[in-house]
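# Geometric and topological summary
Spelled out, the chains give:
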Amino acid sequence: MSASDKDNKFLKLAKAIPLNEQGPSGFSKRIMVKVREQNSRETTMADERFLRFARNISENQHTPYKFEKRIMALVLDWKTENPFTVWSRVLWRAVAPCIGIMVLTALIAFNQDAPITDSQPWLSMDNPEENFEIDTTDFETVMLASFDDLEYTW
Amino acid sequence: MESTEILPSDDLRSDEEIVAAVVEGEVDSFEELILRYQPRIFGMARKYFRNESDVEDVVQTIFTKTFQKLRSFKQTAPFEHWFMRLSVNTCYDALRRRAKHREQAVTDLLFEDESWANRLDNIPDSDDPEALDKASELVHSVMGQISDKARIVLTMQELEGRSIKEISELTGWSISLVKVQAFRARKEMRAAVERFLKKEEKL
């Protein structure tokens, strides 16, 4: 057998061996750990560089000319408030108590279901609770009495 | 540059004394407080706002709010703490209001004259206003990409060197919230820096 035949046989044998593509177990994980380490080192470097840079910028405390006068002008302007503004603020504050009184009065009015007879005295001295029970027609008559009298003057 | 008026040491009243005087009706004394604190407040506001008119607006809001709320200041804690807390919260509110207008594409924030990476390596000289301005532009471009809460925490923790407890006291947020925001801030900042560097590499 010539030397070239031996070479060919060897090559044939070598080619016949199936390719083993299997890597060691956990190999990819091992590589990824190294990749991540390198990546984090690079990114840490970038953000550390940025922070070092930002920390070394001296603080600019420059103040605009007469800035304090501007603020004082605003402050003094508030101090001398428009009386109408104060009045409207007070009115707004009165809204809540007024609504409260209105609701309370309405509730009291609706809860008065007991009818009042004409024979009932206007003011009972024996039972003061009855004093609140005033007939509406009587009340109206009393209220408009002065206007009724006015008609007779004509 | 406007220098702050410095009163002779004998005439210096404490913050609390000035506050008491203002509350009692001596409104002009409030100017003393403004003069005392305005450099610090301008310095702080410039960390959060790039535009000078925004800085002035927020500082003005801080002082006017302080005047309005002066009566609610209890003399149990130093005025400085109360005032700084109010200032930080006002800055945070202003940042939140501006959040809508803030979004900008990364490419819009890249510089034409100099690469981003180069600027990061050149720490500016404090005597060079132009370099300082450029540096501030870069810092604001990154900080503008971070959420408002995280930005407040990052600025105070990393740039001013404050502790978590101090930040919690200044902001009124719980310690755990500050810790979460600090972690998030670093993550967001890292992502923003990377985005800028990568975008520049591609161009």
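Residues numbered from 1 in each chain as written. Chains lettered and ligands numbered in written order. Predicted model: local features only at pLDDT ≥ 70, side-chain atom pairs only at ≥ 80, totals over all residues. Heavy atoms only, no water.

Once that is clear, we can look at the overall build of chain B. A count of helices and strands for chain B gives 9 helices and 0 strands. Secondary structure elements in chain B, listed N-terminal to C-terminal, are α-α-α-α-α-α-α-α-α. Relative to its 203 residues, chain B shows a buried fraction of 45%. Considering only contacts in chain B between residues 6 or more positions apart, those separated by 24 or more positions represent 63%. Summed over all atoms, the accessible surface of chain B reaches about 10700 Å², with 47% contributed by carbon and sulfur. (Helix = DSSP H or I, 4+ residues; strand = E, 2+ residues; numbered from the N terminus. Buried < 20%, exposed > 50% of the residue type's maximum accessible area, 1.4 Å probe, protein only. Contact = heavy atoms within 4.5 Å. Areas by Shrake-Rupley, 256 points an atom, 1.4 Å probe, with all protein chains shown as cover.)

Another aspect to go through is the interface of chain B and chain A. Contact residues are listed per partner, giving 46 residues for chain B and 33 residues for chain A. Counting the surface lost from both chain B and chain A, the interface buries some 3900 Å², and carbon and sulfur atoms represent 66% of this. Taking the shortest distance from any N to any O, the salt bridge between Glu48(A) and Arg186(B) comes out at 2.9 Å. Here chain B and chain A share 10 residue pairs in polar contact (both at pLDDT 80 or more) between them. When residues of the side of chain B that touches chain A are traced back to their parent elements, those giving at least two are α2 (30–48), α3 (52–69), α5 (116–121), α6 (129–143), α7 (148–159) and α9 (175–202) of chain B. (Buried area = accessible area lost by both parts, 1.4 Å probe. Salt bridge = Lys/Arg side-chain N within 4 Å of Asp/Glu carboxyl O. Polar contact = N/O pair within 3.5 Å; in protein donor to acceptor, adjacent residues only side chain to side chain.)

Moving on: the pattern of salt bridges. This structure, assessed with the given rule, holds 21 salt bridges over all chains. One salt bridge connects Arg186(B) with Asp47(A), and the closest N-O pair in it is separated by 3.4 Å. Taken as a pair, Arg186(B) in helix α9 and Asp47(A) in helix α2 (residues 27–55) lie in two separate chains rather than in one. In this pair, the class of Arg186(B) matches that of Asp47(A), namely buried. Beyond isolated ion pairs, a larger network of salt bridges with shared partners links Asp47(A), Glu48(A), Arg55(A), Glu158(B), Arg186(B) and Arg190(B).

Turning next to the environment of Ala182(B). Residue and element names in this part refer to chain B. Inspection of the secondary structure assignment puts Ala182 in helix α9. On the basis of relative accessibility, which here comes to 8%, the residue Ala182 falls in the buried class. Along the sequence, Ala182 and Gln157 sit 25 residues apart, while their C-alpha atoms lie 7.8 Å from each other. Not counting residues up to four positions away in its chain, the partners in contact with Ala182 are Val153, Gln157 and Ile164.

Attention shifts here to helix α1 (residues 3–16) of chain A. For α1(A), spanning 14 residues, the distance from its first C-alpha to its last is 20 Å, which sits close to the expected 20 Å at 1.5 Å a residue. Little of α1(A) is tucked away, with 0 of its 14 residues classed as buried. (Expected span 1.5 Å × (residues − 1).)

Further remarks concern the confidence of the model for chain B. Residue and element names in this part refer to chain B. Looking at chain B, pLDDT values average 83 and 85% of them are 70 or higher. Mean pLDDT across the elements of chain B ranges from a minimum in α5, with 72, to a maximum in helix α8 (residues 164–171), with 93. This model gives residues 1–9 a pLDDT under 50, and the stretch forms 12 contacts once residues within four places in sequence are excluded. The ipTM value of the predicted complex is 0.77, and its pTM value is 0.64. (pLDDT = per-residue confidence, 0-100.)

One number sums up the size of the largest pocket: a volume of about 620 Å³. Ile57(A), Ser58(A), Asn60(A), Arg46(B) and Ser136(B) are, among the 25 residues lining the largest pocket, the residues nearest its centre. Looking at the lining of the largest pocket, the elements with two or more residues in it are α2 of chain A together with α2, α3, α6 and α7 of chain B. Residue contributions to the lining of the largest pocket peak at 7 residues, all from α6(B). (1 Å grid on protein atoms, 1.4 Å probe; cavity = no way out; pocket = protein on both sides within 12 Å on 5 of 7 lines; lining within 4 Å. Points joined across faces, edges and corners; volume = space filled by probe spheres on them.)

This part covers the side chain of Gln181(B). By the element assignment, Gln181(B) lies in helix α9. When its relative accessible area of 5% is taken as the criterion, Gln181(B) is described as buried.

Let us now look at the packing of aromatic side chains. Residue and element names in this part refer to chain B. Taken as a whole and assessed by the stated rule, the structure comprises 10 aromatic pairs over all chains. Their ring planes at 65 degrees and their centres at 5.3 Å tell us that Phe30 and Phe67 sit as a pair that is edge-to-face. On the criterion of sequence distance, the pair formed by Phe30 in helix α2 and Phe67 in helix α3 is long-range, its members being 37 residues apart. For the pair formed by Phe30 and Phe67, the shared burial category is buried. Each ring, one from Tyr92 and one from Trp173, has its centre 5.3 Å from the other, and the planes form 80 degrees; the classification is edge-to-face. Taken as a pair, Tyr92 in helix α4 (residues 79–102) and Trp173 in the loop between α8 and α9 lie far apart in primary sequence, 81 residues in all. (Phe/Tyr/Trp six-rings, centres within 6.5 Å; stacked < 30°, edge-to-face > 60°.)

Below, the discussion takes up unusual backbone geometry. Positive phi, normally seen in glycine, also occurs at Lys66(A), with a value near 55 degrees. Inspection of the secondary structure assignment puts Lys66(A) in the loop between α2 and α3 (67–79).

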